[in-house]
Amino acid sequence: MNIDHLRVPWDKKFSLKAQDPNSTDGFKDEEEAAPRLEKSKEKMAELQDKLYAQDSWGVLLIFQAMDAAGKDGTIKSVMSGVNPQGCQVYAFKTPSAEELDHDYMWRFMQRMPERGRIGIFNRSYYEEVLVVKVHPEFLEKQKLPKSCHKDLFKHRYEDINGIEKYLVHNGILPIKFFLHVSYEAQLKRFLKRLDKPSKNWKFSENDVKERARWDDYAEAQEEMLKRTSTKHAPWYVIPADNKWYTRVAVAEVIAKRLEELDLDYPEVSDERKAQLKELRQKLGGDQG
């Protein structure tokens, strides 16, 4: 499976409308795609073990999407094969009073993954160029000096790009996913949440209000993807109308990006090998 077509180019020539949220990349159905998903999950588990043992790189998975695009389910499915001890998941909600007393990156920087671990951001600092852009009234709560309001989003794109370059320079690899769901598919999922009692808790009045701003969000999303997809931290736009394909694509991207890190188990020195051989003899396990 070629993941290059999912990557947003960094030449700033990108149209979100041109991306098909119903694409399945040639797979006929979930049954046909299932072996590919399992293969990617097995590869992820193998590479995560090496990532943890090597203790050099950290990996940050970022998931952004409109409501009902399937972020929670994708994270649950794709990461089901990895060791939970090596993962940290954060779902970012409305910032608290304490968080609003700091710069907007403060709460995110505190939760960056440690070396050897995979950190997962279910929504992220990208809300600052999405929700805040669609709802400029949210800026009032951030108590920014008036002088900071000029060219605000231009500066935030630049700052985010700089921060992500800083992360890569310090051994933290961002892998960014935008789950691209259609207006029609979102409606079907909202109605399902209303019709199924076990899913009622996932629906709120705010979902209806935000859906009414669909075009505003689409414009902000396209600008975000164009302005912050870089060589060191590209975006991957994942078709999300078919949840089974979303999971296949995300798992494939993660597995291939982990492979690029050239992970391996730490080499044991000759001196340490001699010590281990001596310890084996003491355990009575020397078979000659």
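Residues numbered from 1 in each chain as written. Predicted model: local features only at pLDDT ≥ 70, side-chain atom pairs only at ≥ 80, totals over all residues. Heavy atoms only, no water.

> Would you take a moment to explain a negative patch on the surface for this structure?
The grouping of Asp29, Glu30, Glu31 and Glu32 at the surface amounts to a negative patch. Take Glu30: it is sitting in helix H1 (residues 30–54). (Patch = residues over 30% accessible without salt bridge, like charges linked within 9 Å, V, L, I, M, F, W, Y side chains within 5 Å. Areas by Shrake-Rupley, 256 points an atom, 1.4 Å probe, with all protein chains shown as cover. Salt bridge = Lys/Arg side-chain N within 4 Å of Asp/Glu carboxyl O. Lys, Arg positive; Asp, Glu negative; His and termini not counted. Charge placed at Lys NZ, Arg CZ, Asp CG, Glu CD. Helix = DSSP H or I, 4+ residues; strand = E, 2+ residues; numbered from the N terminus.)

> Looking at this model, I keep getting lost on the packing of aromatic side chains. Mind explaining?
Describing an aromatic ring pair means giving the distance of the ring centres and the angle of the ring planes. Using the criterion set out here, one finds 13 aromatic pairs in the structure. With centroids separated by 5.2 Å and ring planes inclined at 25°, the aromatic side chains of Phe63 and Phe177 adopt a geometry described as stacked. One end of the pair, Phe63, is in strand S1 (residues 58–65); the other, Phe177, is in strand S4 (residues 172–180), with 114 residues separating them in the sequence. Neither Phe63 nor Phe177 differs from the other in exposure class; each is buried. When the ring centre of Phe153 is taken as origin, the NZ or CZ atom of Lys133, which lies over that ring, is 5.6 Å away. (Phe/Tyr/Trp six-rings, centres within 6.5 Å; stacked < 30°, edge-to-face > 60°. Buried < 20%, exposed > 50% of the residue type's maximum accessible area, 1.4 Å probe, protein only. Lys NZ or Arg CZ within 6 Å of the ring centre and 35° of its normal.)

> Would you take a moment to explain unusual backbone geometry for this structure?
For residues that are not glycine, phi is negative in most cases, and the peptide bond is trans in most cases. The backbone of Asp55 shows a phi angle near 55°, a positive value even though the residue is not glycine. The phi dihedral of Lys143 is positive, around 55°, even though this residue is not glycine. For Lys143, the location among the structural elements is in the loop between helix H6 (139–142) and helix H7 (152–169).

> I'm lost on a nonpolar patch on the surface in this one. Help?
On the surface, Leu187, Leu191 and Leu194 cluster together to form a nonpolar patch covering roughly 250 Å² of accessible area. With respect to the helices and strands, Leu191 occurs in helix H8 (residues 183–195).

> Looking at this structure, I do not really get the pattern of salt bridges. What am I missing?
If charged atoms from side chains of opposite charge come close, those side chains can pair. According to the stated counting rule, one finds 19 salt bridges in the structure shown. Where Asp4 meets Arg7, a salt bridge forms, and the shortest distance between an N and an O atom there is 3.4 Å. On the basis of relative accessibility, which here comes to 42%, the residue Asp4 falls in the partly exposed class. Arg227 is the partner of Glu223 in a salt bridge, and the nearest nitrogen-oxygen pair spans 3.2 Å. Here Glu223 and its partner Arg227 are both found in helix H10 (residues 214–228), four residues apart, which amounts to about one turn of the helix. Among the charged side chains, a salt-bridge network with shared partners connects Lys43, Glu46, Lys50 and Glu259.

> Whenever I open this one, helix H2 (residues 71–78) confuses me. Can you help?
Spacing of three or four residues puts side chains on the same side of an α-helix, whose turn is 3.6 residues. Of all the positions in H2, only Lys71, Thr74, Ile75, Ser77 and Val78 are classed as buried. Residues of H2 that are buried sit in contact with H1, S1, strand S3 (118–122), S4 and helix H11 (243–259). (Contact = heavy atoms within 4.5 Å.)

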